[in-house]
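Per-entry structural report
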Amino acid sequence: MEKHYEFLGQAFSVSEPTRQTMAYPRFRVHSAGHFSFASIMVPDDCHAADESETQKIQSTGLAKFVFAGFVAGRHKLTKGKFAIEGTLKESHPEWGEISGEVKVFCAFDFNRRRLRFDRTEPTRKSRDPDTSPVSPRDWIPGIDGGNFILLEDAMIVRHLGHNNISVLPITRTHPPWVRATDVRCLGVGHRLDLDKGVTFESIVSTYEKQLATFPVAVTSESNGVHRVDMTIMDKATGNPSFLRTAWYDSTKDFFPLKLEVRERIGSSIEVDARQQQTLKPIQISNVWVPEKVTLTSDRGNKVEILNYIWESVNTEIDDSVFTPDGFPLDGVDSVVDHRRADLIVTKQYTLPQHLETPNETQRANSWWTLIVGNAFFGTLLLIFYLLPKRDRSTHK
């Protein structure tokens, strides 16, 4: 079932599942951040619904409208390139604390299903990786990461420090060091989903199902910001599992400003958020994109502060960016295709041409070196041959 909405004078439509128990209300935005009901459609079999049920219908419908505005705003971002300069700090009661710089280069073309994501970040490493794994009491700070490309039919990876580039089947799970995040998922996706590289389409599908299933409440705050509280229920017990609260700015294409996730502990929802995402948006080429993102998880024990430096938004990107040749090639000797049972070396990198093919001057120098060397060794042999003869003639 397709629903048609009007947002700030611009019409858009969103496909939604048909529900037999109730229809969705339609909304019209008269001015930025102010909603009013155009009509509430209640089926014949719902005339006996009490006031609370009507409020539930209205809250669900308004939440769907806010989320539809968010989706429409994110669909404006089709391609782009950015770098990230940031920091990561993580403390653990058993492992101790680690901190350092986070660096990212990202290029994407969502219409062509292309994503490039290069990342380095601090990590804990074993003192002697050849003999023992990393352990809480014996580790040293290091850097992990690499280069990653996701295409429609393959993923291309190079782990930091490795001398080969691997082409893997698209069905493979992303290597854990990749953490390639779809920028459109920030502010709505769970931190674990972001790290796994869950797609924007998957996030949208999950939200649509949850909006049709779980209790939701919408609160209109100041300056066109709308707070959406969704209680995720445990299907087995029927009890609340966790509470997800998100803030959307209707004056900025419903850009998500903040996300908090609180989990259920015992019989109540925890007071302090287990994870939090805070986003500062900036408008580039008429599209709202993140300028600064703060990711807090493990109840504040892990904090990433990421500053986005945008090179381009919705402009064409050179195809070479999404090929192995676009990777830094220092130390790389081959590209290996793992998509078949028999591994195929698709490309063999060799020494630079000026090292493997001598020019005319180098050839001339080589010949002179050979001639002088031969003359020198010939003279030595002659001396060693004549000296014994001279000694024998002297004794006579």
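Thresholds applied
- Residues numbered from 1 in each chain as written.
- Predicted model: local features only at pLDDT ≥ 70, side-chain atom pairs only at ≥ 80, totals over all residues.
- Heavy atoms only, no water.
- Helix = DSSP H or I, 4+ residues; strand = E, 2+ residues; numbered from the N terminus.
- Buried < 20%, exposed > 50% of the residue type's maximum accessible area, 1.4 Å probe, protein only.
- Contact = heavy atoms within 4.5 Å.
- Areas by Shrake-Rupley, 256 points an atom, 1.4 Å probe, with all protein chains shown as cover.
- Salt bridge = Lys/Arg side-chain N within 4 Å of Asp/Glu carboxyl O.
- Phe/Tyr/Trp six-rings, centres within 6.5 Å; stacked < 30°, edge-to-face > 60°.
- Polar contact = N/O pair within 3.5 Å; in protein donor to acceptor, adjacent residues only side chain to side chain.
- Core = buried A, V, L, I, M, F, W, Y, C linked by side-chain atoms within 4.5 Å.
- Pairing = 2+ DSSP bridges.
- pLDDT = per-residue confidence, 0-100.

Here we take up the overall build of the protein. From N to C terminus, the protein includes 5 helices and 20 strands. Residues counted as buried form 39% of the 396 residues belonging to the protein. Sequence-distant contacts, at least 24 apart, represent 48% of the contacts inside the protein between residues at least 6 apart. Carbon together with sulfur atoms contributes 53% to the accessible area of the protein, which is approximately 22500 Å² in total.

Between side chains of opposite charge, pairing is possible as soon as their charged atoms come close. Counted by the stated rule, this structure contains 24 salt bridges. Residues arginine 119 and glutamate 304 are paired through a salt bridge, measuring 2.7 Å at the closest nitrogen-oxygen approach. Of the two residues, arginine 119 sits in strand E7 (residues 114-125) while glutamate 304 sits in strand E18 (residues 302-313), which places them 185 residues apart along the sequence. As far as the burial class goes, arginine 119 and glutamate 304 line up, both buried. Here the salt bridges share partners, and the residues they tie into one network are Arg119, Glu121, Arg179, Arg191, Asp195 and Glu304.

This model, assessed by the stated rule, comprises 11 aromatic pairs. On the numbers, 5.0 Å between centres and 45 degrees between planes, the contact of phenylalanine 82 with tyrosine 308 is tilted. With a gap of 226 residues between them, phenylalanine 82 in strand E5 (residues 79-92) and tyrosine 308 in strand E18 connect regions that are remote in the sequence. In this pair, the class of phenylalanine 82 matches that of tyrosine 308, namely buried. Taken together, a centroid distance of 4.8 Å and an interplanar angle of 55 degrees make the contact between phenylalanine 82 and tryptophan 310 tilted. On the criterion of sequence distance, the pair formed by phenylalanine 82 in strand E5 and tryptophan 310 in strand E18 is long-range, its members being 228 residues apart. Neither phenylalanine 82 nor tryptophan 310 differs from the other in exposure class; each is buried.

When you line up the elements, arginine 184 lands in the loop between strand E10 (164-169) and helix H2 (191-196). What makes arginine 184 buried here is its relative accessible area of 6%. A polar contact of 2.9 Å, which involves the side chain of arginine 184, links it to the side chain of aspartate 182. Setting aside its immediate chain neighbours within four residues, arginine 184 contacts Phe70, Arg74, Leu77, Phe110, Phe200 and Glu201.

With that settled, the discussion passes to the nonpolar core. Core analysis: the biggest nonpolar cluster contains 58 residues, and Phe82, Phe108, Tyr248 and Tyr308 have the highest contact counts within it. Looking at this core, the element that brings in the most residues is helix H1 (residues 51-74), giving 7 residues. Residues within four places of phenylalanine 82 in sequence aside, it is in contact with Val104, Phe105, Cys106, Phe108, Val183, Tyr308, Ile309, Trp310 and Glu311. Counting 12 residues, the second largest nonpolar core, distinct from the first, contains Ile149, Ala154, Phe322 and Val332.

Below, the discussion takes up the environment of lysine 292. Within the fold, lysine 292 resides in strand E17 (residues 287-297). With 11 residues separating them along the chain, lysine 292 and proline 281 place their C-alpha atoms 7.2 Å apart.

It is worth spelling out the pairing of strand E6 (residues 96-109) at this point. Two strands pair when backbone bridges link them, and E5 and E6 are joined in this way by 14 bridges, in the antiparallel orientation. Across the sheet, residue threonine 87 finds its bridge partner in E6, namely glutamate 101. Taking the residues that link successive antiparallel strands as the turn, the E5-E6 hairpin has 3 residues.

So, about the environment of arginine 172. The topology assignment puts arginine 172 in the loop between E10 and H2. Residue arginine 172 is classed as partly exposed on the basis of its relative accessible area of 42%. The spacing of arginine 172 and alanine 154 is 18 residues in sequence and 9.0 Å in space, taken between C-alpha atoms.

With that settled, consider the side chain of glutamate 260. Along the chain, glutamate 260 turns up in strand E14 (residues 255-265). There is a polar contact of 2.6 Å between the side chain of glutamate 260 and the side chain of arginine 262. Setting aside residues no more than four positions away along its own chain, glutamate 260 makes contact with Leu243, Arg244, Thr245, Trp247, Ala273, Gln275 and Gln276.

What follows covers unusual backbone geometry. Positive phi is not limited to glycine here, since arginine 113 has a value of about 55 degrees. Secondary-structure assignment places arginine 113 in the loop between E6 and E7. Residue class for arginine 113 comes out exposed when judged on its relative accessible area of 53%. Phi at serine 285 takes a positive value of approximately 55 degrees, unusual for a residue other than glycine. Counting through the fold element by element, serine 285 comes out in the loop between strand E16 (275-284) and E17.

With that settled, consider the confidence of the model for the protein. On average, the protein scores 78 in pLDDT, and the residues at 70 or more come to 71%. Ignoring residues within four places in sequence, the model shows residues 1-49, a span with pLDDT below 50, making 96 contacts including any to other chains. Confidence over residues 351-364 falls short of pLDDT 50; this stretch has 5 contacts with residues more than four positions distant or in other chains.

In this structure, glycine 197 sits in the loop between H2 and helix H3 (200-211). Along the sequence, glycine 197 and aspartate 182 sit 15 residues apart, while their C-alpha atoms lie 6.6 Å from each other. If near-sequence neighbours (up to four positions away) are discounted, glycine 197 is found in contact with His174 and Ala180.

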